[in-house]
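Now for the letters of each chain:
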Amino acid sequence: MIRRPPRSTPLYSSAASDVYKRQGTINGTVKLSNGNALSDVLVSFSGANVDSTTTDNSGNFSKSLGLGSYTLTYTKSGYLSTTQSAAIATDNQTVVVATVTLLASSCSSGNISGTIKDAVSGNAIGGASISIRSGANVTSGSTISGKTDTTAVDGTYTVSSVDAGGYTVEVSKSGYITTYFNANVCGDLTNQDASMSEELSSGTMRIVLSWPTTSPVTGEDLDSHILIPDNASTGTFHLYYGVSQGKDYYIYGVDDNVTLDRDADSAPGTETITITQVRIGTYSYSVHDWENKSNSSSTNLAQSGASVTVYYNNTTTTYNVLNSAGTLWRVFTFTTSGGLTETNTMTHQPSPD
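Not measured: the values here are computed from a predicted model.

Draft legend 1. Fine view of the packing of aromatic side chains. This structure, assessed with the given rule, holds nine aromatic pairs. When the ring of Phe237 is compared with that of Tyr250, the centres are 4.6 Å apart and the planes differ by 45°; the resulting orientation is tilted. With Phe237 in strand S18 (residues 236-239) and Tyr250 in strand S19 (residues 249-253), this residue pair connects regions lying 13 residues apart in the sequence. On the basis of relative accessibility, which here comes to 10%, the residue Tyr250 falls in the buried class. Joined through ring pairs, the aromatic side chains of Phe45, Phe61 and Tyr74 make up one cluster. One cation-aromatic arrangement involves Arg279 over Tyr252; the distance from NZ or CZ to the ring centre is 4.0 Å. Stacked on the ring of Trp290, the Lys or Arg Lys293 has its end atom at 3.7 Å from the ring centre.

Written as structure tokens, this is what we have:
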């Protein structure tokens, strides 16, 4: 005779087990302000789960965690502790967080200053509100009281007397998509420039590549490359700075095109691509290190601090460069049916073609 458990006893739930097993990975890197790797940094995770790990000799760390939101806290004796926010949204997702720079505990307070420009035209944006939060990639919660400013007509701003440490700067203005970037204060911090995208209509995509002047790599020239569905064939079309028809673009029809709106050749750099109306087919976006294209062992792209932000249908997705040697960072692919898919690989490519 088989005895059944009483009704008050919960039966095994495979669904609950599946949720428990679902997890992803958070990868990151910790460096000094001179670009050197920083090992033996304790990285503590709190939020959906609690765990910790330490950075290796290359300053890298990796941790498998359950789905959810996390606060990462970085600590090491002799350095200022800092935090960073991250989230694992889907099963088997690998999240590469922005490289963290740990500052010496002897660092002093200073001002954060820079210029805010339009991501497409490059024109200065006046009247934008500037505020800051403690930690990297912290885009919600209260900002620090009294540490605000509004950009002048020429787009410049200064947030004065900020304590030493890492911060997330928020830039907002009506008609524009709110922009965030990270800043590490150790004395005065200048050239903290950022670009803002105007709000987009449904179906329009904008891709903004940026790399900061605070990178230990100077004079870096990074380029945006995108493969797009080719209206004239069953293949794809490669759009980048080398496609010149007065302006770098691909025309599908009237007011329906893909354009390389901005092309930069040094830090702080911004490159912008706008897709007026996404189409059926696969888009593939990459970043090429033109400056070091002939150096198969170059790590300058990895050290550039580059990030790619994608604006599409009221969502903002940011990708951070890998800490790996290479001159070609394949960032993501996109289809209308599947959305954005992170590629996140680094290889060597000597030719921009």
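Draft legend 2. Region of the structure containing unusual backbone geometry. With phi around 60°, Asn137 is a residue other than glycine that occupies positive phi space. Here Asn137 is to be found in the loop between strand S10 (129-134) and strand S11 (148-150). The partly exposed category is assigned to Asn137, whose relative accessible area is 25%. Located in the positive-phi region is Asn314, a residue other than glycine, with phi close to 65°. Within the secondary structure layout, Asn314 lies in the loop between strand S23 (307-312) and strand S24 (315-320).

Draft legend 3. Region of interest: the sheet that holds S23. Spatially, the six strands line up as an open sheet ordered S19-S20-S21-S16-S23-S24, and their pairing is antiparallel. In this open sheet, the two strands that pair with only one neighbour each are S19 and S24. Across the sheet, the mean angle separating the axes of adjacent strands is 15° when strand polarity is ignored. Where strand S20 (residues 256-262) lies against strand S21 (residues 269-275), four bridges are found, and the strand directions are antiparallel. Bridge assignment links Leu260 to a residue of S21, and that residue is Ile273.

Draft legend 4. Fine view of the nonpolar core. Ile207, Ile226, Tyr285, Val287, Val308, Trp329 and Phe332 are the most contacted members of the largest nonpolar core, which totals 35 residues. Elements represented by at least two residues in this core include exactly strand S16 (205-211), strand S17 (222-229), S19, S20, S21, strand S22 (283-289), S23 and strand S25 (328-335). Each residue touching Tyr285, except ones within four places of it in the same chain, is listed here: Ile207, Leu209, Ser224, His225, Ile226, Ile273, Val308, Arg330, Val331 and Phe332.

Draft legend 5. Broad picture of the state of the cysteines. Here the structure, examined in full by the defined rule, presents one disulfide. Between the sulfur of Cys107 and that of Cys186 lies a disulfide, 2.0 Å long from S to S. Because the sign of the S-S torsion sets the handedness, a value of about -85° for the bond joining Cys107 and Cys186 places this disulfide among the left-handed ones. Here the residue Cys107 occupies a position in the loop between strand S8 (100-101) and strand S9 (110-118), and Cys186 occupies one in the loop between strand S14 (179-185) and strand S15 (194-196), the gap between them amounting to 79 residues. By relative accessible area, Cys107 is classed as buried at 17%. When its relative accessible area of 42% is taken as the criterion, Cys186 is described as partly exposed.

Draft legend 6. Structural view of the pairing of strand S6 (residues 82-88). Residues of S6 alternate between two faces, with Thr82, Gln84, Ala86 and Ile88 buried on one and Thr83, Ser85 and Ala87 left unburied on the opposite face. Here seven bridges tie strand S5 (residues 68-75) to S6, and the two strands are oriented antiparallel to one another. If you follow Gly68 over to S6, its bridge partner there is Ile88. Here S5 folds back onto S6 in antiparallel fashion, the turn holding six residues, of which Gly78 has a positive phi close to 90°.

Draft legend 7. Local environment of the pairing of strand S3 (residues 51-54). When strand S2 (residues 42-47) meets S3, the two strands line up antiparallel, connected through four bridges. Each bridged residue has a counterpart across the sheet, and for Val43 the counterpart in S3 is Thr53. Once S2 ends, the chain turns through three residues before running back antiparallel as S3.

Draft legend 8. Highlighting the environment of Gly68. By secondary structure assignment, the location of Gly68 is in strand S5. Residue Gly68 is classed as partly exposed on the basis of its relative accessible area, which comes to 21%. Residues Gly68 and Tyr167, spaced 99 residues apart in sequence, show a C-alpha to C-alpha distance of 22 Å. Among all residues touching Gly68, those that are not within four sequence positions of it are Ala48, Ala86, Ala87 and Ile88.

Draft legend 9. Molecular detail of the sheet that holds S9. Across the sheet, which stays open at both edges, the three strands sit in the order S12-S9-S15 with mixed pairing between neighbours. Of all strands in the sheet, those bounded by a partner on one side alone are strand S12 (156-162) and S15. Across the sheet, the axes of successive neighbouring strands diverge by a mean angle of 30°, strand direction being ignored. Looking at chain direction, S9 and S12 are connected through five bridges and run antiparallel. Within S12, the position partnered with Thr115 by the bridge is Thr156.

Cut-offs and rules
- Residues numbered from 1 in each chain as written.
- Predicted model: local features only at pLDDT ≥ 70, side-chain atom pairs only at ≥ 80, totals over all residues.
- Heavy atoms only, no water.
- Phe/Tyr/Trp six-rings, centres within 6.5 Å; stacked < 30°, edge-to-face > 60°.
- Helix = DSSP H or I, 4+ residues; strand = E, 2+ residues; numbered from the N terminus.
- Buried < 20%, exposed > 50% of the residue type's maximum accessible area, 1.4 Å probe, protein only.
- Lys NZ or Arg CZ within 6 Å of the ring centre and 35° of its normal.
- Pairing = 2+ DSSP bridges.
- Axes fitted to C-alpha atoms, helices over the stretch in contact; angles between N-to-C directions.
- Core = buried A, V, L, I, M, F, W, Y, C linked by side-chain atoms within 4.5 Å.
- Contact = heavy atoms within 4.5 Å.
- Disulfide = S-S within 2.5 Å.

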